[in-house]
Amino acid sequence: MSAQIIDGKTIAGRVRIAVARDVEAFAEEFGGAKPGLATILVGDDPASAIYVNGKQKACREVGMDGFNFPLAADAPREEVVELIERLNADPAVSGILLQLPLPGHLDGAKLTGMIDPRKDVDGLTPVSAGLLALGREGLRPCTPSGVMTLLDAAGAQLEGAEAVVVGRSNLFGKPMAQLLLGANATVTMCHSRTRDLPAVCRRADVLIAAVGRAQMVKADWVKPGATVIDVGMNRGNSTPPTLVGDIDFDAVKEVAGAITPVPGGVGPMTIAFLLRNTLQAARMQRSER
Ligand code: NAP
């Protein structure tokens, strides 16, 4: 039997509607004030420019302020630091997003770490990562948060379940594992040195792939009835190029109980949770005044 297709587009749409409603309530409560997201785009990478434009557009659609700060590809480190410090101090800015990757002369991890953790809407600063690891309140990375909502929408039971995350990046794999652990799943993290990856994946009630290798996860890696989440975004070979996930979707959907498609699965959740984080950051900052 074919798997339930987890419709990320529709679920993300619901999150955005809820955020728009909460932004209105925020404005009523605080004399017309709006949450504001500042994006920093260094250089002219076309994909990064598309992502940043999408994020700015999404802000406007839910009634938030969006401020973009484009910097030249050869902007010196001091200029980026000065901008981050200025935005950290600006009360109109609730959230700051430094679009990655940065040009080679800039250290993305170090610069991200300079963002005030209360404005860290990507959830990537060491403070945010630490709060997550300790199970304390904080801003969580957007894509793993979105996956948790997709799992909930699919009716996945996480308590006591075997969850396998393939990929251990700071951006996705590690925070994903922490969120699953927080939901009382038994979590295994896999990476390029994992021995017999197919066998480890076959144990999973919940299998999440974030590797960046097109259609790597095959049908015989999947336990029948498992919930399968595909985070991968790879360019397919067809013309015009299509987006392809890390899961061999057509084959795996015949084995899994539920599965996310690419596109239309995890992708739309990321921006929806960026908006939600910006609102959460704005609320946290107001409560501190
Ligand atoms: P990343 O930093 O490149 O990490 C990739 C991970 O995959 C690493 O941990 C690596 O292991 C592991 N890996 C590589 N080859 C492997 C193999 N053959 N077997 C097992 N593990 C292997 O990637 P990322 O930033 O997490 O992104 C992963 C994918 O998710 C990309 O396609 C990216 O575009 C996508 N993504 C999508 C969204 C979204 O919004 N939908 C958000 C984030 C990421 P090692 O650590 O051992 O090198």
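Bear in mind the structure is a predicted one, so any value in this text is a computation, not a measurement.

*Asks:* Sorry if this is basic, but what is going on with a nonpolar patch on the surface here?
*Replies:* A surface patch of nonpolar side chains, about 290 Å² in accessible area, is lined by Tyr51, Met233 and Leu243. Structurally, Leu243 is set in strand β10 (residues 243-244).

*Asks:* Can you walk me through helix α1 (residues 8-29) in this structure?
*Replies:* Two residues of an α-helix separated by three or four positions point the same way, owing to the 3.6 residues in each turn. Taking 1.5 Å of rise per residue, the 22 residues of α1 would be expected to cover 32 Å, and the 31 Å separating its terminal C-alpha atoms lies within 8% of that figure. Of the residues making up α1, those classed as buried are Gly8, Ile11, Ala12, Val15, Val19, Val23 and Phe26. Taken around the axis of α1, the buried residues stretch over an arc of 120°, which confines them to a single face. For α1, the exposed residues lying more than 90 degrees away from the buried face are Arg14, Ile17, Arg21, Glu24 and Glu28. Taken together, the buried residues of α1 touch α6 (142-153) and α10 (267-288). Regarding α1, its N-cap is Asp7, as a side-chain oxygen of that residue lies 3.2 Å from the backbone nitrogen of Lys9 further along.

*Asks:* Honestly, unusual backbone geometry in this entry has me stumped. Any pointers?
*Replies:* With the exception of glycine, most residues fall at negative phi, and the peptide bonds are largely trans. Cis peptide bonds are those with omega within 30 degrees of zero, and the linkage from Thr239 to Pro240 qualifies with -5°. Cis geometry marks the peptide bond from Val262 to Pro263; its omega dihedral reads 0°. Within the element layout of this structure, Pro263 appears in the loop between β11 (258-259) and α10. You will see that Asn184, though not glycine, has its phi angle at about 70°, which is positive.

Conventions and cut-offs
Residues numbered from 1 in each chain as written. Predicted model: local features only at pLDDT ≥ 70, side-chain atom pairs only at ≥ 80, totals over all residues. Heavy atoms only, no water. Patch = residues over 30% accessible without salt bridge, like charges linked within 9 Å, V, L, I, M, F, W, Y side chains within 5 Å. Areas by Shrake-Rupley, 256 points an atom, 1.4 Å probe, with all protein chains shown as cover. Salt bridge = Lys/Arg side-chain N within 4 Å of Asp/Glu carboxyl O. Helix = DSSP H or I, 4+ residues; strand = E, 2+ residues; numbered from the N terminus. Expected span 1.5 Å × (residues − 1). Buried < 20%, exposed > 50% of the residue type's maximum accessible area, 1.4 Å probe, protein only. Arc of directions from axis to C-beta. Contact = heavy atoms within 4.5 Å. Polar contact = N/O pair within 3.5 Å; in protein donor to acceptor, adjacent residues only side chain to side chain.

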